[in-house]
Amino acid sequence: MPPLAVVIRQREQRWQAQAKYQRSQATAVYDRISGRWTAQGQIQAADIAPKLLGALTFTGKGLWQANRLDGALQAQGQQLGYMGQSQRTDTTLEASLAAKQWRLNAVLGAPVALGGGWSLEARQALRASGNLDGVESLRLDLRAAGPQGTVRLSLDTEGGGVARGLGKLTLAGPELAGTVPLRWNRHGLALLPAAIQLPEGLRLSWSRPLVLPLALAGESTLSAELQHQDIRVKTVDSLLSWQQAQWGWQGRLDLAGKAAGHDLAGFWRGRIDASGLAGEPASLTVKGPDLVLALRLPVTGFHTPHWTARAAFNGHYGNYPLTGVLSASYTQGHWEGAVEGSSRPPFYAQGGVLKLSASWYGKQGRWFLGTGSRATIAEGLIGTTLIKPIAVVATTPLRLGPQGMFGALQLKADGVVATRWGLPTVTGQMAVSGQQGRARLRVPAWQSELTLTAALASRGKKTGAKGTLEITTPLSAAMSRSLGVTLQKGRLNGQGRWQWQDHWQLQGDMAVSGLALDWGGILASGGNGAAHIELHQDGLTLTSNGLITLAELEVGTLVRNVRMTVQSDLATWHFADVYADMLGGHMRAAALQWPSPQYQAVTISRIDLAEVAALQNAPNPTVQLAGRVGGHLPLQLMKDSLALQGGRMSNEGPLSLKVLPSAGVSAMGQSNRAVRLALDTLSNLAIHDFQARLNMKPDGWLDAVVTIKGQNPQQNSLPVVLNYTHRENVLELLRSLRIGDEISRRLLNRHPVEGSR
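The rules behind these values
Residues numbered from 1 in each chain as written. Predicted model: local features only at pLDDT ≥ 70, side-chain atom pairs only at ≥ 80, totals over all residues. Heavy atoms only, no water. Helix = DSSP H or I, 4+ residues; strand = E, 2+ residues; numbered from the N terminus. Rg over C-alpha atoms; globule rule 2.2 N^0.38 Å. Buried < 20%, exposed > 50% of the residue type's maximum accessible area, 1.4 Å probe, protein only. Contact = heavy atoms within 4.5 Å. Areas by Shrake-Rupley, 256 points an atom, 1.4 Å probe, with all protein chains shown as cover. Lys, Arg positive; Asp, Glu negative; His and termini not counted. Charge placed at Lys NZ, Arg CZ, Asp CG, Glu CD. Patch = residues over 30% accessible without salt bridge, like charges linked within 9 Å, V, L, I, M, F, W, Y side chains within 5 Å. Salt bridge = Lys/Arg side-chain N within 4 Å of Asp/Glu carboxyl O. Axes fitted to C-alpha atoms, helices over the stretch in contact; angles between N-to-C directions. Parallel < 35°, antiparallel > 145°, perpendicular 65-115°, else oblique. Nonpolar A, V, L, I, M, F, W, Y, C, P; charged D, E, K, R; others polar. Pairing = 2+ DSSP bridges. Polar contact = N/O pair within 3.5 Å; in protein donor to acceptor, adjacent residues only side chain to side chain. pLDDT = per-residue confidence, 0-100. Core = buried A, V, L, I, M, F, W, Y, C linked by side-chain atoms within 4.5 Å.

Student: Help me understand the overall build of the protein chain in this model?
Tutor: Scanning the protein chain from terminus to terminus reveals 5 helices and 61 strands. Its C-alpha radius of gyration of 50 Å places the protein chain more than 25% over the 27 Å reference for a compact globule of 757 residues. In terms of overall dimensions, the protein chain has C-alpha extents of about 175 × 60 × 45 Å along its principal axes. Counting across all 757 residues of the protein chain, residues that qualify as buried make up 30%. Pairs at least 24 apart in sequence give 36% of the contacts found in the protein chain among residues at least 6 apart. Surface summary for the protein chain: the accessible area is close to 44600 Å², and the carbon and sulfur share equals 57%. If the 73 positive side-chain charges of the protein chain are averaged to one point and the 52 negative ones to another, these points end up 5 Å apart.

Shown next, in the form of structure tokens:
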């Protein structure tokens, strides 16, 4: 009861009491000698609740003697209403008690406002009667209406003199539905089995009658089920009790259902009253296709008004173990909280701890992770590869639902370090929409950009993913580690489709333009071409789309206009339609395989001997050659070398050979008359027949058997036939030529030629 100011007077067994509370007041007078009593007063509605409007005036009189209490009470309500709602109404109430029989009549003139947009209407007068043991007759028809719908309660007596009756509670509207049959007697009200729809998508049902004693204190056994979407909370034979305005429930609750695509199961045993919960911790299990979590929720902090809770959980997601803490509280009409969790992906041999730190909240029946929620993976080892820290941060609220996650995220991966290769920092943004997403990633150190799309895909009972990718990047020395070549410049563009289900699959096309690289001193430039790539369970295959071309290839001598088609699984390379310009002529091969155990046909033609002689790389050459030769060179291409077997070369037209005077030639001639005769004979030779047989071992040693037939025009066209053999390491020769050329380039770059010199 609220605090009251009460004044009591007594004189000659006449009692008078005056009570006052804020603006409400009442007076009662009782004469013990005659037994008569009177009462009158006025109650302001705002004194009961600040937002109520209007007043209630009452008067009463009667007789109170030792074994008898009679009386009549009349009350009138004026302009009753609720702040913020326009409707006002008057009401009349009459109650009487005589010979232990009571009667009650109440009339509501118009609907009365109740707050929250709700109003109460009496469709007919309330009439009830009975004795001190209970109700004997009852007639009631009330209707409440609000934004969620309407609720109508009707009760009536079965017949005259029968202290029982039937009724009905009917709910209808946008968020209300259902009908509850009622049965009453002098001792209580029974709600017969029914199901009703309530606001916020709640459905309440009970399969046994729910009996409520018509008393200010009592208790009742409750078996009911509350359902929200696919979640059901059930109780069997729990106890509902009340003592005037105080109520309580105790028993066991069992939870089952689905949420966000996961199965839920849990139970709790304890007590609920107006202040909150008490009892043992609640247990909840969450199961999904890949997720199993067990939560334990103490209820010690689950009290009004904030309903704070903190639950510990553990389980696994696929092969990922999960542990953490989930907190929740009810603030400003919605649930919110935080989750802290950790795991370690099983493919990390060391380190790689995954941590989740996120805020969450519920809004209009939806669940969100807050902006700034973060998942991080610490530095760790996968095999011998070091994966540096990775962080994913929500840049917008992330909505969670049965269809997946919706929102935007930001990614930063600090890179990868392996024995022979490395990947620098990767940054980017990701957008997820249910079971699909899109990411745009950058490698700032390489100026590379990668766009990925992904969508979950199911086949039978298996779940996988598929999507597309696009990449564009310049080629540079920084990304050459582990490639075996040094990229100098160029550009790569690619696009494709990927899929994952038990294993990776990739199909795509890539194009390279302006490629320049250094392969152990072998320089290539002007590379262009396109290829189709497929990655599958058996490995990777690469097939060129059209010709792959190189403008120049420096192998010790310059090779130009290289072109071919390529097919490879990265272990074996197949080249077709191979062509290149070299030494003033060209080289062709219908097909080549590398590496190969077989010798494969290569044809050379129109080789200019003047360019061959220029390989002497001397300012005053001793030997001058002219004319063109060609032939067939069966080559065996091995992984780290090559061999030649049964090669043949011949002249393609007339050839010439001149041995020019020099100190070295003079010294050779003076040392031996036979040598001098040979040098004189070869000093100027017009050759009409040139034949060479060539063989080279994998170590680079070339054995040549040569026959030359010609004439010396300076010695009366003396006929000459020259047979000789030659042995030289071609690989070392080409290497020395490349080294000499590199030294020359460096000297020229250091001391550029001036125009005045």
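Back to the text.
Student: Could you clarify how one ought to interpret a nonpolar patch on the surface in this entry?
Tutor: On the surface, Leu4, Val6, Ile8 and Trp15 cluster together into a nonpolar patch covering about 410 Å² of accessible area. Inspection of the secondary structure assignment puts Trp15 in strand β2 (residues 14-21).

Student: Looking at this model, I keep getting lost on the packing of helix α3 (residues 663-671) against helix α4 (residues 673-682). Mind explaining?
Tutor: A packed helix pair is summarised by two numbers, namely the angle formed by the two axes and the spacing between the axes. Contact pair α3 / α4: the axes reach a minimum separation of 5 Å and the direction vectors enclose 135°. In terms of their interaxial angle, α3 and α4 are classed as oblique. Between α3 and α4, the residues in contact are Val665, Met668 and Gly669 and Val675, Arg676 and Leu679, respectively. Looking at the contact of α3 with α4 residue by residue, the class counts come to 4 nonpolar, 1 polar and 1 charged.

Student: Mind showing me how you'd approach the sheet that holds strand β39 (residues 416-417) here?
Tutor: Strand pairing in a sheet is mediated by backbone hydrogen bonds. Such pairs are either parallel or antiparallel. Spatial ordering of the open sheet is given by β30-β34-β35-β39-β40, a layout of 5 strands whose pairing is antiparallel. With partners counted over all chains shown, the strands left at the sheet margins are β30 (350-351) and β40 (422-423), one partner each. Relative to strand β34 (residues 380-382), β30 runs antiparallel, the two being bridged by 2 bridges. Of the residues in β34, the one forming a bridge with Gly351 is Gly380.

Student: Looking at this structure, I do not really get the side chain of Thr89. What am I missing?
Tutor: Here Thr89 shows up in strand β7 (residues 89-98). At 2.7 Å, the side chain of Thr89 and the backbone nitrogen of Ala110 are in polar contact. Leave out the neighbours within four places in its chain, and Thr89 touches Gly77, Gln78, Gln79, Leu80, Leu108, Gly109, Ala110, Pro111 and Val112.

Student: Would you explain the confidence of the model for the protein chain in this entry?
Tutor: Predicted coordinates in areas of low pLDDT are best not read in detail. Looking at the protein chain, pLDDT values average 87 and 95% of them are 70 or higher. This model gives residues 750-757 a pLDDT under 50, and the stretch forms 1 contact once residues within four places in sequence are excluded.

Student: Could you clarify how one ought to interpret the nonpolar core in this entry?
Tutor: One recurring pattern in soluble globular proteins is that nonpolar side chains are buried together. Grouped together as the largest cluster of nonpolar side chains are 42 residues, with contacts concentrated most on Met649, Phe690 and Leu694. If we ignore the near neighbours within four places in the chain, the residues touching Leu694 are Leu633, Leu644, Gln645, Gly646, Gly647, Met649, Leu702, Asp703 and Ala704. Judged by nonpolar contacts, the second largest core, of 25 residues, contains Leu138, Leu140, Trp184 and Ala194.

Student: Mind showing me how you'd approach the pairing of strand β31 (residues 354-363) here?
Tutor: Side-chain direction in a regular strand flips from residue to residue, so the side chains alternate between the two faces of the sheet. Pairing of strand β29 (residues 334-343) with β31, which is carried by 8 bridges, proceeds in the antiparallel orientation. Paired with Gly337 across the two strands is Trp360, which belongs to β31. Sheet analysis places β31 next to strand β33 (residues 374-377), joined by 4 bridges and oriented antiparallel. For Ser357, the partnering residue across the bridge sits in β33 and is Arg374. Examined bridge by bridge, β31 and strand β32 (residues 366-369) share 4 bridges and lie antiparallel to one another. The partner of Lys363 across the bridge, within β32, is Arg366.

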